[in-house]
Amino acid sequence: GAVVSQHPSWVICKSGTSVKIECRSLDFQATTMFWYRQFPKQSLMLMATSNEGSKATYEQGVEKDKFLINHASLTLSTLTVTSAHPEDSSFYICSAPGSGNPYNEQFFGPGTRLTVL
Amino acid sequence: QQPVQSPQAVILREGEDAVINCSSSKALYSVHWYRQKHGEAPVFLMILLKGGEQKGHEKISASFNEKKQQSSLYLTASQLSYSGTYFCGTATSGTYKYIFGTGTRLKVLA
């Protein structure tokens with residue numbers, strides 16, 4: 001099956017710094033990728049839909065200026081958490097649909113655990 | 001709006017059966033089921049597309065009723081390895097985004 005990687009797998013940073021998370025589709029092209037955030041014992045909440053070559057679509061309540069998404073190529077989307085604060089500590093996961101549309105199987109990255117001190 | 005799953009949590013003894021339901025307020029094109037272990041990414045179990053299909057492999061099966069906008073996951077003769085949190089993932093008709101249900105925590109005891 002298709003493989004999606006994420007880097008880093010975990011990161012600890014100080015409050016006020018910015019953190020970049022990469023999501024790569026290794027053996028297929030992904031014009032669309034989805035970014036999720038998961039707090040302990042909660043579901044995965046869709047943050048934004050990343051579209052190659054165009055602006056990301058953010059879900060209601062997600063700050064565009066705080067969570068910057070760049071989908072510069074067909075295999076790479078990045079999420080930058082700017083001026084991170086302790087409340088941004090969470091598990092961030094990306095996914096990409098293997099066939100190019102979300103109705104078919106999603107392939108997930110292994111996730112990135114962000115801890116902001 | 002996030003699909004609602006029921007029950008929120010269930011505890012089973014090894015060998016017992018369980019049913020997990022996923023209900024959406026919006027029309028669904030497809031439903032996927034995942035199992036997530038603590039600290040890990042979700043693992044894909046199966047996909048059901050429009051057409052009222054049922055699927056299964058080994059002792060896990062699922063059904064999808066698009067008219068009722070509901071799907072159910074059936075776990076039979078549960079094993080310890082079935083423990084985890086189960087999520088339905090849905091793509092609503094006419095939108096281009098993918099969202100998860102509220103989740104069901106399942107624990108299988110020896």
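Not measured: the values here are computed from a predicted model. (Residues numbered from 1 in each chain as written. Chains lettered and ligands numbered in written order. Predicted model: local features only at pLDDT ≥ 70, side-chain atom pairs only at ≥ 80, totals over all residues. Heavy atoms only, no water.)

### A look at the overall build of chain B
Right, on to step 1. When helices and strands are tallied, chain B shows zero helices and 11 strands.
Right, on to step 2. For chain B, the sequential pattern of α-helices and β-strands runs β-β-β-β-β-β-β-β-β-β-β.
Right, on to step 3. Relative to the compact-globule value of 13 Å for 110 residues, chain B shows a C-alpha radius of gyration of 13 Å, a close match.
Right, on to step 4. Here the C-alpha coordinates of chain B stretch approximately 45 × 25 × 20 Å along the principal axes.
Right, on to step 5. Each of the 110 residues in chain B was classed as buried or not, and the buried ones make up 46%.
Right, on to step 6. At a minimum sequence separation of 6, the contacts of chain B that also span at least 24 residues come to 56%.
Right, on to step 7. Roughly 5400 Å² of accessible area belongs to chain B as shown, and the carbon and sulfur atoms make up 50% of that amount. (Helix = DSSP H or I, 4+ residues; strand = E, 2+ residues; numbered from the N terminus. Rg over C-alpha atoms; globule rule 2.2 N^0.38 Å. Buried < 20%, exposed > 50% of the residue type's maximum accessible area, 1.4 Å probe, protein only. Contact = heavy atoms within 4.5 Å. Areas by Shrake-Rupley, 256 points an atom, 1.4 Å probe, with all protein chains shown as cover.)

### What about the pattern of salt bridges?
Right, on to step 1. Inspection of the entire model under this criterion finds two salt bridges over all chains.
Right, on to step 2. A salt bridge links Glu 22 of chain A to Arg 24 of chain A; the shortest N-O distance between them is 3.6 Å. (Salt bridge = Lys/Arg side-chain N within 4 Å of Asp/Glu carboxyl O.)

### Examining the environment of Gly 111 of chain A
Right, on to step 1. One can find Gly 111 of chain A in the loop between strand E10 (106–108) and strand E11 (112–116).
Right, on to step 2. Placed 19 residues apart in sequence, Gly 111 of chain A and Tyr 92 of chain A show a C-alpha to C-alpha distance of 5.5 Å.

### Observations concerning the sheet that holds strand E8 (residues 76–81) of chain A
Residues and elements named next belong to chain A.
Right, on to step 1. Spatially, the four strands line up as an open sheet ordered E1-E3-E8-E7, and their pairing is antiparallel. Among the strands making up the open sheet, the edge pair consists of strand E1 (4–7) and strand E7 (67–73). Strand-to-strand, the axes of this sheet are offset by a mean angle of 15°, without reference to chain direction.
Right, on to step 2. In the sheet, E1 pairs with strand E3 (residues 19–25) via four bridges, with the strands oriented antiparallel. Residue pairing in the sheet places Gln 6 in a bridge with Cys 23 of E3. (Pairing = 2+ DSSP bridges. Axes fitted to C-alpha atoms, helices over the stretch in contact; angles between N-to-C directions.)

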